[in-house]
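Reading the structure
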Amino acid sequence: MLRFYILAYLLCLSYYAHAWGFFGHQKINYHAVFLLPPDMLVFFKPHIDFLSVHAVDPDKRRYLLEQEGPRHYIDLDHYGPAPYLSLPRDWKTAVAACSEDSLTRYGIAPWWIQVMLERLTRAFMAKDPDKILQYAAELGHYVADIHVPLHASSNHNGQLTGQHGIHGFWESRVPELLADTEWDLLIGQAPYCKDPLGMIWSRAIQSAAAADTVLHTEKILRKQFSSDQVFAYEERKGQLTRQFSSAYTLAYDQLLNGMVERRMRASIEAVASLWLTAWVNAGQPSLASLSRQPYSAQDIVSLQQLEEAYKNNPIKGREHD
Ligand SMILES: [Zn+2]
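Described in the following lines is the structure provided in the data block.

Counting residues in each nonpolar core, the largest one holds 86 residues, and the members touching the most others are Phe 44, Leu 76, Phe 124 and Trp 275. For this core, the leading source of residues is helix α14 (residues 259-281), giving 12 residues.

A few words now on the environment of Asn 313. Mapped onto the secondary structure, Asn 313 falls in the segment after α15 (297-312). Taking the C-alpha atoms as reference points, Asn 313 and Leu 64, separated by 249 residues in sequence, lie 7.5 Å from one another. Setting aside its immediate chain neighbours within four residues, Asn 313 contacts Tyr 63 and Glu 308. At a separation of 3.0 Å, a polar atom in the side chain of Asn 313 contacts the main-chain carbonyl oxygen of Tyr 63.

Every protein donor of the zinc ion is listed here as Asp 59 (OD), His 72 (ND1), His 141 (NE2) and Asp 145 (OD), and their distances to the metal cover 2.1 to 2.6 Å. Given four donor atoms and angles of 87 to 177° at the metal, the environment of the zinc ion is assigned as irregular. The motif formed by the donor residues of the zinc ion, counted along the single chain, is D-x12-H-x68-H-x3-D. Here His 141 lies in helix α9 (residues 129-146) and Asp 59 lies in helix α5 (residues 57-61), a separation of 82 residues in the sequence. Each member of the pair, Asp 59 as well as His 141, carries the same accessibility label: buried.

All right, on to the pattern of salt bridges then. It is possible for side chains of opposite charge to pair when their charged atoms get near one another. Scanning all chains against the criterion turns up 13 salt bridges. The closest approach of N and O atoms between Glu 118 and Arg 122, which form a salt bridge, is 3.5 Å. On the criterion of helical spacing, the pair formed by Glu 118 and Arg 122 is a turn pair, its members being four residues apart in helix α8 (residues 109-125). For Glu 118, a relative accessible area of 41% gives the class partly exposed.

The step from Ala 82 to Pro 83 runs through a cis peptide bond, and the omega angle for that step is 5°. Its location among the elements puts Pro 83 in the loop between α5 and α6 (91-98). The phi dihedral of Tyr 84 falls on the positive side, at around 60°, and the residue is not glycine. Relative to the assigned elements, Tyr 84 resides in the loop between α5 and α6. One non-glycine residue, Ser 99, adopts positive backbone phi at about 80°. With respect to the helices, strands and loops of the structure, Ser 99 is situated in the loop between α6 and α7 (100-106).

Basis of the calculations
- Residues numbered from 1 in each chain as written.
- Predicted model: local features only at pLDDT ≥ 70, side-chain atom pairs only at ≥ 80, totals over all residues.
- Heavy atoms only, no water.
- Core = buried A, V, L, I, M, F, W, Y, C linked by side-chain atoms within 4.5 Å.
- Buried < 20%, exposed > 50% of the residue type's maximum accessible area, 1.4 Å probe, protein only.
- Helix = DSSP H or I, 4+ residues; strand = E, 2+ residues; numbered from the N terminus.
- Contact = heavy atoms within 4.5 Å.
- Polar contact = N/O pair within 3.5 Å; in protein donor to acceptor, adjacent residues only side chain to side chain.
- Donors = N, O, S within 2.8 Å, 3.2 Å for Na, K, Ca; no water.
- Tetrahedral: all angles 85-135°; square planar, octahedral: opposite > 155°, others 65-115°.
- Salt bridge = Lys/Arg side-chain N within 4 Å of Asp/Glu carboxyl O.

In structure tokens, the structure reads:
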């Protein structure tokens, strides 16, 4: 049985190695654009492809930089029971209470979102089109990550409960099977967020609360399926790939009662809300005349380094999937 799990893990790991998967992150940034007011849409809509493609840069950077990994998760269960009151929400107070090394060890996602929000706000103030797009794309990534239950749990890939591969199962396989055909990702308008840090923390705590359900539900389902029904050779990106079977994936989604869709919708809404908030806090600069500059030689070198690291390097630091 153990060998079966290890085999299943190895087979699935390489296909699902990124939070929300590349598919999910790109979809979240893409759909977030449509929640923006016309004064932002005028600049964001023409660059919707850029915002989608670069939604996954932070995951690629995990193969280049050691310090990138902890920005994508926080093991909230490390801090005792919910609502984790031993952990100060404010960075400086948290560092004073727990030390920066310790915080980094268990993940810094909520605080890193604040850093990115600040960077995006300053980019809007400077009316810098390239930085606005890059920071918006990357902020979208981190905000989406915090909505994934297993990004708020130390049992991030079911490694403590014999459920290796569940990370990618929840955040990649389920959306890839259902998002385009079954889910409603049209949401309306983005609200301004008066208290970004409070909102980010509440989403992180929701994720941590859902992590047990994500894990427990799959345990229950596994008992109802024989091992040859759990995995199947099915098409993925035009290739026949051994992966969690459609039947198993659909059954899991049903047992979760739409949780993955709800978290994806909440991600889209939060991403758009924080983009809007950065723009409003920057004084609502006019974006109508902005246009993206061609990449400089230095930009091209940086992008090449990112791609090469992603393709050739092992991940640096902890795998969270
Ligand atoms: Zn990530």
